[in-house]
Amino acid sequence: MKVKIKIRRFNPEKDRKPYWAEYTVDAEPADRVLDVLVQIKGYQDGSLTFRRSCAHGICGSDALVINGRNRLACKVLVRDVGKDIVVEPLRGLPVIKDLTVDMEPFFRKYRSILPFLINDEPPPHIERLQTIEARARFDETTKCILCAACTTSCPSFWANDSYVGPAAIVQAHRFIFDDRDQGAQVRLALLAESDGVWRCRTIYNCVEACPREIDITRAIGEVKKAILTGDVD
Amino acid sequence: MRTDATSARRVQNAGKFEVTMWFFMRISGVLLLLLGAFGLVYANLVGGYGNLDAGAQMRWSFFPISFHVQSSDVEVAPNFSNPFWNAYAFLLIGFAAAHAFNGLRSILRDYVRNPLLLQWLQAFLLVLWIFMLVAAIYVIFVFSNQ
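Quantities reported herein were computed from a predicted structural model and do not represent experimental measurements. As a convention, each chain's residues are numbered from 1 in the sequence order in which they are written. By the order in which they are written, chains take letters starting at A while ligands take numbers starting at 1. In keeping with the model being predicted, local features are shown solely for residues with a pLDDT of at least 70 and side-chain atom pairs are shown and tallied solely at 80 or more, while totals for entire chains, interfaces and linings include all residues.

### Considerations on the overall build of chain B
Per the convention used, a helix needs a DSSP run of H or I reaching at least four residues, while a strand needs a run of E reaching at least two, with both numbered from the N terminus. A count of helices and strands for chain B gives four helices and zero strands. Ordered by position in the sequence, the α and β elements of chain B form the string α-α-α-α. Per-residue burial for chain B yields a buried fraction of 14% across its 146 residues. If you take every contact in chain B between residues at least 6 apart in sequence, the share linking residues at least 24 apart comes to 56%. Residues are called buried when their C-beta atom has 20 or more other C-beta atoms within 10 Å, exposed when it has 12 or fewer, and partly exposed otherwise; all C-beta atoms are positioned from the backbone. For every residue pair, C-beta atoms are placed from the backbone, and the pair is scored as a contact if these atoms sit within 7 Å.

In C-alpha cells:
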C-alpha cells in the first residue's frame, strides 16, 4: 500500500526555519514507521536524519512525535497509524537536524538525581541479596529505557525546562525504593526542591507516552508521599 | 556526589516549604468541599429548605454570611448570624484564598522565567492575598454585623 508521510525537517546549515517535507512510500501494514523512515533515507533522500540503534524498542533512540503522540518509531506499525503519517522531532528539546534532538539537557536531569547505587557498606562475598518482595517494590520503574518520550510530552516541562521531568523521577524512584541503596534521603532532598516533583501537576501525558507502559504518575506520587513522610518502605 | 553542608541545608529549606504547600493544597481542597457541604446541609436543616432560592444556597455555601440569605424569604437571626458562622465564614474564605493564591503562585513559577519579574509578581500576589484577608475580616466581622 501507498503511505503518505509528512516529516518536519530542519538543516541548521541550510534552512532558516523548519519545514514540512512529504514523501510517498510503498509499505506493508505490518511495517514499522521506522522501516518507512529507513526506506526514505535509503531510496529517496539520503539527507534525512534520525536516530535509531537497536530498532526493537529497547535502546530508546527513536522516540518521535508520530501523528501527534510521542512513540517509538520502531514499536508503532503502519497499520496502527494509517496511510497518512506525520512525524516530528520530540518537543521541548533543541533540534540538531531533522528528527534528531539534543538529548544533553535530558541526560543532565537524569544525572542530577544520582542514578547509581549508593551504599558505603563493603559488598558481600558474592552479591547484595534481596528478597523477591523487596525487588518487586521498584520493578515497574526498572523498565525505563530513557527514550525521553515522557519528559518531552509533559506540559510542565514544555513550560519550564528547569523541571527535572518524569523520566528522571522514574529513575530516582528505581533507587529510592531499592532496599540495597542508602541514598534515598539525598535523592528525596534533591527532588523536594521547587524544580523537583512539585512541578508535576498529574497531567498523565507521560503515562500515555511511555512505550514501556510504566505507570509514571503513580511513581511520581509515591516519591511525593515519601518526601512528605520520609518513609521509603 | 557533592552534598556540602550549606547546599544540603538550602535544598532542605526550599523543599520543606514546597512539601508543606503541596500537602496544604491537598488538605485545604478537601476541607473546602466539606465546609461548603456542611454549611449547605445545615442551612437547609435550620429552616432554609423551601425558603432559600438556588442562588442564596450557593452564596451561603461558599461564603456563609448573613446578608447572603437576607434577600430570601427566611428569618436571618438567630440561625444564620452568630459568632459561629462568622468564624466559619472566615475559615472558609481563609482556606479558599490560601488555596487559590498558592495555585496562582505555582502557575507563575511554571511560566515566568525572569527571576526578578517572578519575585515582583510573587510579592504582588502576597499583597493581594493580605488585602483579600483584610477585606474578608471587614465584611464578615464588621459589615455583616451592622
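### A word on the overall build of chain A
For chain A, the helix and strand inventory stands at nine helices and seven strands. Its C-alpha atoms give chain A principal-axis dimensions of roughly 60 × 35 × 30 Å. The buried share of chain A, reckoned over its 233 residues, is 42%. Restricting to contacts in chain A with at least 6 residues of sequence separation, those with at least 24 account for 65%.

### With respect to helix 7 (residues 184-191) of chain A
With respect to burial, helix 7 of chain A is a largely interior element, six of its eight residues being buried. Every buried residue of helix 7 of chain A is listed here: A184, R187, L188, A189, L190 and L191 of chain A.

### Here we look at unusual backbone geometry
All names here are of chain A. Not every positive phi belongs to a glycine, and N67 is a case in point at roughly 45°. Topologically, N67 is positioned in the loop between strand 3 (63-66) and strand 4 (69-72). Overall, N67 belongs to the partly exposed group, with 16 C-beta atoms counted inside 10 Å.

### A word on the packing of helix 3 (residues 104-112) of chain A against helix 6 (residues 166-176) of chain A
Residues and elements named next belong to chain A. Where helix 3 meets helix 6, the closest approach of the two axes is 9 Å, and the angle between their N-to-C directions is 25°. When the axes of helix 3 and helix 6 are compared, the pair comes out roughly parallel. Helix-helix and strand crossings are classified by hand; for helix 3 and helix 6 the assignment is right-handed. Contacts between helix 3 and helix 6 pair K109, Y110 and S112 from the former with A167, A168 and Q171 from the latter. Axes, fitted as lines to C-alpha atoms, cover a helix only where it is in contact. Angles between the N-to-C directions of the axes lie from 0 to 180 degrees. Oblique is the label for any angle not covered by the other classes, which are roughly parallel (under 35 degrees), roughly antiparallel (over 145) and roughly perpendicular (65 to 115). Helix crossings get a hand from a simple test, with the near helix turned counterclockwise from the far one by less than a right angle marking a left-handed crossing and a clockwise turn marking a right-handed one.

### Some thoughts on the domain arrangement of chain A
All names here are of chain A. Domain borders in the structure are assigned automatically or taken from a domain database. Looking at chain A, the domain boundaries give domain 1 (2-101) and domain 2 (104-229). On the domain 2 side, the residues contacting the 14 residues of domain 1 number 14 residues. Here the side of domain 1 that touches domain 2 takes four residues from strand 4, the largest share from any one element. Asp, Glu, Lys and Arg are counted as charged, while Ala, Val, Leu, Ile, Met, Phe, Trp, Tyr, Cys and Pro are counted as nonpolar; the rest, among them Gly, fall into the polar class. Grouping the constituent residues of the side of domain 1 that touches domain 2 by class yields six nonpolar, four polar and four charged.

### Structural notes on the pairing of strand 5 (residues 84-88) of chain A
Residue and element names in this part refer to chain A. Judged by which residues are buried, strand 5 turns out to be one-sided: I85 and V87 face inward and are buried, whereas D84, V86 and E88, on the alternate face, are not. Here four bridges tie strand 1 (residues 2-9) to strand 5, and the two strands are oriented parallel to one another. The residue of strand 5 that forms the bridge with I5 is I85. At least two DSSP bridges between two strands are required for those strands to pair. Pairing analysis gives two bridges linking strand 3 to strand 5, with the strands arranged antiparallel. When the sheet's bridge partners are listed, I66 is paired in strand 5 with V87.

### Re helix 6 of chain A
The buried fraction of helix 6 of chain A is high, at eleven of eleven residues. The inward-facing, buried residues of helix 6 of chain A contact helix 3, helix 7, helix 8 (205-209) and helix 9 (216-229) of chain A.

### Some words on the sheet that holds strand 5 of chain A
Residues and elements named next belong to chain A. A sheet is described by the order of its strands in space; here five strands give the open sequence 2-1-5-3-4, paired in mixed fashion. Whereas interior strands pair on both sides, the edge strands pair on one side only; in this sheet they are strand 2 (19-26) and strand 4. The average undirected angle you get between the axes of adjacent strands in this sheet is 35°. Its contacts with the sheet place helix 1 (residues 33-44) against strand 1, strand 2, strand 3 and strand 5, and it is angled at close to 95° to strand 2.

### A short note on the confidence of the model for chain B
Residue and element names in this part refer to chain B. Scored between 0 and 100, pLDDT is the confidence that the predictor attaches to each residue. With 81% of its residues at a pLDDT of at least 70, chain B reaches an overall mean of 82. Averaged over each element, pLDDT in chain B is lowest for helix 1 (residues 5-48) (78) and highest for helix 4 (residues 115-142) (94). The low-confidence segment residues 1-11 (pLDDT under 50) makes seven contacts with residues lying over four places distant or belonging to another chain. The complex model carries a pTM of 0.86, and its ipTM stands at 0.76.

### Observations concerning the nonpolar core
Among the nonpolar cores identified, the biggest contains 66 residues, and V33, A73, A148, I169, I176, L191 and V223 of chain A are the most heavily contacted of them. Sort the elements by how many residues they give to this core and helix 6 of chain A lands first, with seven residues. Setting aside chain neighbours within four positions, we find I176 of chain A in contact with A184, R187, L188, V223, A226 and V232 of chain A. Residues L35, I65, A89 and L92 of chain B belong to the second largest nonpolar core, which totals seven residues. The term nonpolar core refers to a group of buried residues, namely Ala, Val, Leu, Ile, Met, Phe, Trp, Tyr and Cys, whose C-beta atoms join them within 7 Å.

### Examining the environment of R109 of chain B
Residue placement: R109 of chain B occurs in helix 3 (residues 83-111). In the structure, R109 of chain B is positioned twelve residues away from L121 of chain B in sequence and 9.8 Å away in space, judged by C-alpha atoms. When sequence neighbours within four positions are dropped, the list of residues in contact with R109 of chain B reads S194 of chain A together with L118 of chain B.

### Focus on the environment of D231 of chain A
Note that D231 of chain A resides in the segment after helix 9. Sequence separation between D231 of chain A and L146 of chain A is 85 residues; the distance between their C-alpha atoms is 27 Å.

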